[in-house]
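This is what each chain is made of:
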Amino acid sequence: MKKNLYPMIFLIALIVFPLVLRQEYYQHLIILFMMWVVIGSSWNLLAGYTGRVSFGHAAFFGSGAYAAGLLAYHYGISPWWGMATGGLLATAVAFPFGWITFRLHGAYFALATLALNEVLKDAAKIAEPLTNGMVGILIMPTFSSKLPYYYIILVMMVLTILCMRLTVRSKLGYYFVSIREDQDAAESMGINTTRYKMISLCIGTFWTGLAGAFYMNYMGFIDPSVVFSLQDLSIAAVLVGIVGGVGTIYGPAVGAFIMIAVQEFFRSGFFGLFKYFGDKTGSGAFTTLSEFVKSAHTLGFGLLVILVILLLPNGIVGDWTKIKTKLFRMKVTT
Amino acid sequence: MSFFRAENLVKYFGGLAAVNNVSFEVHQGEIFGLIGPNGSGKTTTFNLISRYHRLTSGRVIFKGQEIQHLPTYKICRLGIGRTFQVVKPLRRMSVLDNVIVAAFARVNTMREARELALQTIEFCGLLPVQNLLAKSLPIAWRKRLEIARAMATRPSLLLLDETSAGLNPTELLQAIDLIKKIRDNGTTIIIIEHIMHVIMSISDRIHAINFGQTIAEGTPQEVAQNNAVIEAYLGTDYA
């Protein structure tokens with residue numbers, strides 16, 4: 001029970017949050033954060049627990065987004081129905097892909113996911129009659145307020161984490177980790193490794209596709225370079241996992257929170273600190289610096305990732321005991 | 001119907017015949033030794049039985065069923081457990097979790113798997129280290145973990161690949177006791193071993209191979225006195 005205490009407190013805080021803080025900007029940030037928890041967790045199931053690193057999770061995110069978008073755009077089907085379809089289409093893309101590429105070991109599988117990402121992006125660009133190509137798809141948002149979106153993604157996030165927890169603590173989880181640790185040993189213990197890798201991939205991509213479909217609904221606009229983005233989605237998913245802790249339940253949540261926080265910290269020019277200095281001193285240098293900082297949010301997160309890898313190779317959640325003892329020792333000595 | 005039979009096993013790696021026409025039969029309840037100098041094809045034979053490698057030709061028959069075309073995991077589920085010469089612990093899992101993974105081959109719920117794993121761990125004498133991470137174990141415990149994992153899949157035939165290599169004399173005696181205990185519990189064993197007094201003392205029958213070919217088969221005494229075996233191990237001067 002004590003183990004669930006922090007997540008429960010956090011969940012209640014998230015439920016209350018938009019009722020207290022009514023500014024749409026902060027609600028928007030938390031919505032993005034929760035969406036990233038879904039993406040990060042599903043990436044983590046495949047990469048962290050099953051040991052098959054995906055460098056192309058945008059492929060599944062984009063498939064989900066386009067499934068919802070195209071159904072609404074061409075057939076006028078409510079994008080909320082499209083959401084289920086989004087998850088299913090992402091899984092439908094993942095299935096043949098996994099079936100073919102799980103024969104590849106180590107980095108080769110990662111490269112194949114990278115290729116899938118780029119192939120789908122180009123396909124979405126070229127197939128103009130269907131996808132409008134680079135023009136993208138625009139649909140009318142269902143709600144004008146952010147609140148309904150907020151609670152939808154909150155439910156989705158909670159379901160994702162529950163799904164991950166159930167999976168990881170069952171036979172499936174044990175099988176996934178054994179495949180990560182040693183595939184040959186797993187096979188010799190009666191595990192059909194191909195089958196369980198497929199299950200891991202399908203569960204993960206379903207949630208990623210669902211997140212993609214949510215993104216379509218929420219933003220109302222997608223184009224290939226946004227939802228199949230290599231740096232903003234595929235790589236970000238990897239980094240969220242690494243920062244938070246690969247192979248831990250709450251690692252992706254922590255990683256997602258830090259990513260969104262760092263990005264906004266930079267985007268706002270250290271919360272307007274540089275602008276403040278610029279106004280105070282009247283020096284143009286600070287204003288210019290502020291502009292640089294604003295466009296350096298990816299760089300900032302990149303630096304953080306490097307620091308985490310150097311100091312906490314298992315991520316923040318994975319090395320939590322290490323962090324605690326370090327902090328504790330500091331208290332004793334001072 | 002014989003319990004286990006390997007018929008004319010042949011395995012080529014490129015142009016090299018690693019195993020060339022090896023046949024043997026194992027009776028239920030016995031310890032069957034497989035010996036030969038380094039590189040003679042013992043481990044390859046195990047890999048052929050558990051289909052870690054595919055046979056070039058030949059048949060493997062277990063309880064009346066041809067199994068040479070089945071995938072590795074199905075062979076395990078049919079009741080052939082194996083250990084690896086170069087141990088393969090699931091490094092970042094505890095000893096108990098390692099064995100639980102194996103136990104899931106026979107049971108489906110977490111509770112049953114845990115129970116079966118704990119029984120197996122106790123049987124193999126791993127209780128003192130059950131909560132340690134597998135990567136932190138010294139080699140003697142790792143070898144024991146290999147056996148425990150194989151045993152948790154409840155095999156009726158167990159393939160032991162050099163489970164005594166690298167052990168000190170005390171550990172060696174414990175390992176021999178464990179192997180005998182497994183046999184007494186009704187599991188048939190095929191064992192590869194380099195330490196001659198181990199294999200001579202526990203095997204009921206021994207099959208000797210060299211350069212992938214059978215050179216002798218019989219009781220430990222017969223094999224020990226066989227000229228081809230002495231020649232293979234000590235050179236022509238001693239034969």
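The written sequence of each chain sets the order in which its residues are numbered from 1. The lettering of chains begins at A and the numbering of ligands begins at 1, in the order of writing. Local features in a predicted model are, by the rule used here, given only for residues with pLDDT of at least 70; side-chain atom pairs are given and counted only at 80 or more, and totals for whole chains, interfaces and linings are based on all residues.

**Re the overall build of chain A**
Spelled out, the test is: Secondary structure elements follow DSSP: runs of H or I no shorter than four residues count as helices, runs of E no shorter than two count as strands, and numbering proceeds from the N terminus. It is over C-alpha atoms that the radius of gyration is taken, and the globule rule equals 2.2 Å times the number of residues to the power 0.38. Placing C-beta atoms from the backbone, we regard two residues as in contact once those atoms come within 7 Å.
Of the regular secondary structure elements, chain A holds 18 helices and two strands. The C-alpha radius of gyration computed for chain A amounts to 21 Å, which stays within 12% of the reference 20 Å derived for 334 residues, consistent with globular compactness. Along the first, second and third principal axes, the C-alpha set of chain A runs to 70 × 60 × 35 Å. Counting contacts in chain A only where the partners sit at least 6 residues apart, residues at least 24 apart contribute 76% of the total.

**Thoughts on the environment of Val 16 of chain A**
Here Val 16 of chain A lies in helix α1 (residues 5-20). Along the chain, Val 16 of chain A and Pro 79 of chain A lie 63 residues apart, while their C-alpha atoms are 27 Å from each other.

**A short note on the sheet that holds strand β10 (residues 213-218) of chain B**
All names here are of chain B. The condition is simple: By this definition, two strands are paired if DSSP reports at least two bridges between them. A fitted line through C-alpha atoms represents every axis, and for helices the fit uses only the stretch in contact; the resulting angles, taken between N-to-C directions, go from 0 to 180 degrees.
The strand order across the open sheet formed by six strands is β6-β7-β8-β3-β9-β10, and the pairing between neighbours is mixed. Looking at which strands have only one partner, the edges of the open sheet turn out to be β6 (80-82) and β10. Across the sheet, the mean angle separating the axes of adjacent strands is 20° when strand polarity is ignored. Pairing between strand β3 (residues 31-35) and strand β9 (residues 205-210): four bridges, direction parallel. Looking at β9, one finds that Gly 33 is bridged to Ile 206. Contacting β3, β6, β7 (157-161), β8 (188-192) and β9, helix α1 (residues 42-49) runs over the sheet at an angle of about 145° to β7.

**Quick notes on the confidence of the model for chain B**
Rule in force here: For every residue, the predictor reports its confidence as pLDDT, a number between 0 and 100.
Chain-level pLDDT for chain B is 95 on average; 100% of the residues reach the 70-or-more range. Confidence metrics for the complex model read pTM 0.93 and ipTM 0.94.

**A word on helix α5 (residues 139-152) of chain B**
Residues three or four positions apart in an α-helix share a direction because the helix packs 3.6 residues into each turn. Residues and elements named next belong to chain B. In plain terms, the rule: Expected helix span is taken as 1.5 Å per residue step, with the number of steps being one fewer than the number of residues. To sort residues by burial, count the other C-beta atoms lying within 10 Å of each one's C-beta; a count of 20 or more means buried, 12 or fewer means exposed, and anything in between means partly exposed. C-beta atoms are built from the backbone.
The first and last C-alpha atoms of α5 sit 20 Å apart over 14 residues, in line with the 20 Å expected at 1.5 Å per residue. Among the 14 residues that make up α5, eleven are buried, leaving the element largely enclosed by the rest of the structure. Burial in α5 covers these residues: Trp 141, Lys 143, Arg 144, Leu 145, Glu 146, Ile 147, Ala 148, Arg 149, Ala 150, Met 151 and Ala 152. Where α5 is buried, its residues contact β6, α3 (95-103), α4 (110-123), β7 and α6 (169-184). Positive backbone phi, approximately 50°, marks Arg 154, located one or two places after α5.

**Observations concerning the pairing of β10 of chain B**
Residues and elements named next belong to chain B. Taken together, the five bridges between β9 and β10 define a ladder with antiparallel strand orientation. Along β10, the bridge assignment pairs His 207 with Glu 217. Between the end of β9 and the start of β10, which pair antiparallel, lie two residues, with Phe 211 showing a positive phi angle near 50°.

**Here we look at the interface of chain B and chain A**
Here is the rule: Three classes are used, and their members are as follows: Ala, Val, Leu, Ile, Met, Phe, Trp, Tyr, Cys and Pro are nonpolar, Asp, Glu, Lys and Arg are charged, and the others, Gly among them, are polar.
Tallying the contact residues gives 21 residues for chain B and 16 residues for chain A. Listing elements by their share of the side of chain B that touches chain A, those giving two or more residues are α2 (72-78) and α3 of chain B. Taken together, the residues that form the side of chain B that touches chain A break down as ten nonpolar, four polar and seven charged.

**A look at the nonpolar core**
Selection criterion: Any set of buried Ala, Val, Leu, Ile, Met, Phe, Trp, Tyr and Cys residues joined through C-beta atoms within 7 Å is what this text calls a nonpolar core.
With 160 residues, the main nonpolar core has Met 35, Phe 214, Leu 239 and Met 259 of chain A together with Val 99 and Ala 103 of chain B as its most contacted residues. If near-sequence neighbours (up to four positions away) are discounted, Ala 103 of chain B is found in contact with Ala 113, Leu 116, Ala 117 and Ala 152 of chain B.

**Some remarks on the sheet that holds strand β4 (residues 57-62) of chain B**
Residue and element names in this part refer to chain B. The antiparallel open sheet is built from four strands, whose spatial order is β2-β1-β4-β5. At either margin of the open sheet sits one strand with a lone partner, and together these are β2 (16-26) and β5 (65-66). The sheet contact formed by strand β1 (residues 4-13) and β2 spans eight bridges and is antiparallel. Residue pairing across strands places Val 10 opposite Asn 20, the latter belonging to β2.

**Describing the packing of helix α3 (residues 58-75) of chain A against helix α4 (residues 79-101) of chain A**
All names here are of chain A. Note the cut-off: For this classification, under 35 degrees means roughly parallel, over 145 means roughly antiparallel, 65 to 115 means roughly perpendicular, and everything else is oblique. The crossing is said to be left-handed when, going from far helix to near helix, the turn is anticlockwise and less than a right angle, and right-handed when the turn is clockwise.
At a closest axis distance of 7 Å, the pairing of α3 and α4 adopts a crossing angle of 140°. One element, α3, and the other, α4, form an angle in the oblique class. As α3 packs across α4, the resulting crossing turns out to be right-handed. Residues Ala 59, Phe 60, Ser 63, Gly 64, Ala 65, Ala 67, Ala 68, Leu 71 and Ala 72 of α3 pack against Pro 79, Gly 82, Met 83, Thr 85, Gly 86, Gly 87, Leu 89, Ala 90, Val 93 and Ala 94 of α4. Residues that form the contact of α3 with α4 fall into these classes: 13 nonpolar, six polar and no charged.

**Structural notes on the packing of helix α13 (residues 251-267) of chain A against helix α16 (residues 297-311) of chain A**
Residue and element names in this part refer to chain A. Two elements in contact, α13 and α16, have axes separated by 8 Å at closest approach and are oriented at 135°. On the basis of the axis angle, α13 is oblique to α16. By crossing handedness, the relation of α13 to α16 is classed as right-handed. Contacts between α13 and α16 involve Ile 258, Met 259, Val 262, Gln 263, Phe 266 and Arg 267 on the former and, on the latter, His 297, Gly 300, Phe 301 and Leu 304. Of the residues in the contact of α13 with α16, the class split is six nonpolar, three polar and one charged.

**A word on the environment of Thr 91 of chain A**
Residues and elements named next belong to chain A. Following the sequence through the fold, Thr 91 ends up in helix α4. Sequence-wise, Thr 91 and Ser 63 are 28 residues apart; in three dimensions their C-alpha atoms are separated by 9.1 Å. Ignoring sequence-local partners within four residues, the contact set of Thr 91 consists of Cys 202, Thr 205, Phe 206 and Gly 209.

**Focus on unusual backbone geometry**
All names here are of chain B. Non-glycine residue Asn 21 carries a positive phi angle of around 65°. Topologically, Asn 21 is positioned in strand β2. Despite not being glycine, Phe 211 shows a phi value in the positive range, around 50°. With respect to the helices and strands, Phe 211 occurs in the loop between β9 and β10.

**Some thoughts on the environment of Asp 232 of chain A**
Residue and element names in this part refer to chain A. Tracing the sequence through the fold places Asp 232 in helix α12 (residues 230-244). In this structure Asp 232 comes out as partly exposed when scored by C-beta crowding, with 14 C-beta atoms within 10 Å. In this structure, the C-alpha to C-alpha distance between Asp 232 and Thr 298, residues 66 residues apart in sequence, is 8.9 Å.

**Regarding α3 of chain B**
Among the nine residues that make up α3 of chain B, nine are buried, leaving the element largely enclosed by the rest of the structure. Residues of α3 of chain B that are buried: Val 95, Leu 96, Asp 97, Asn 98, Val 99, Ile 100, Val 101, Ala 102 and Ala 103 of chain B. Taken together, the buried residues of α3 of chain B touch α8 (171-181) of chain A together with α4 and α5 of chain B.

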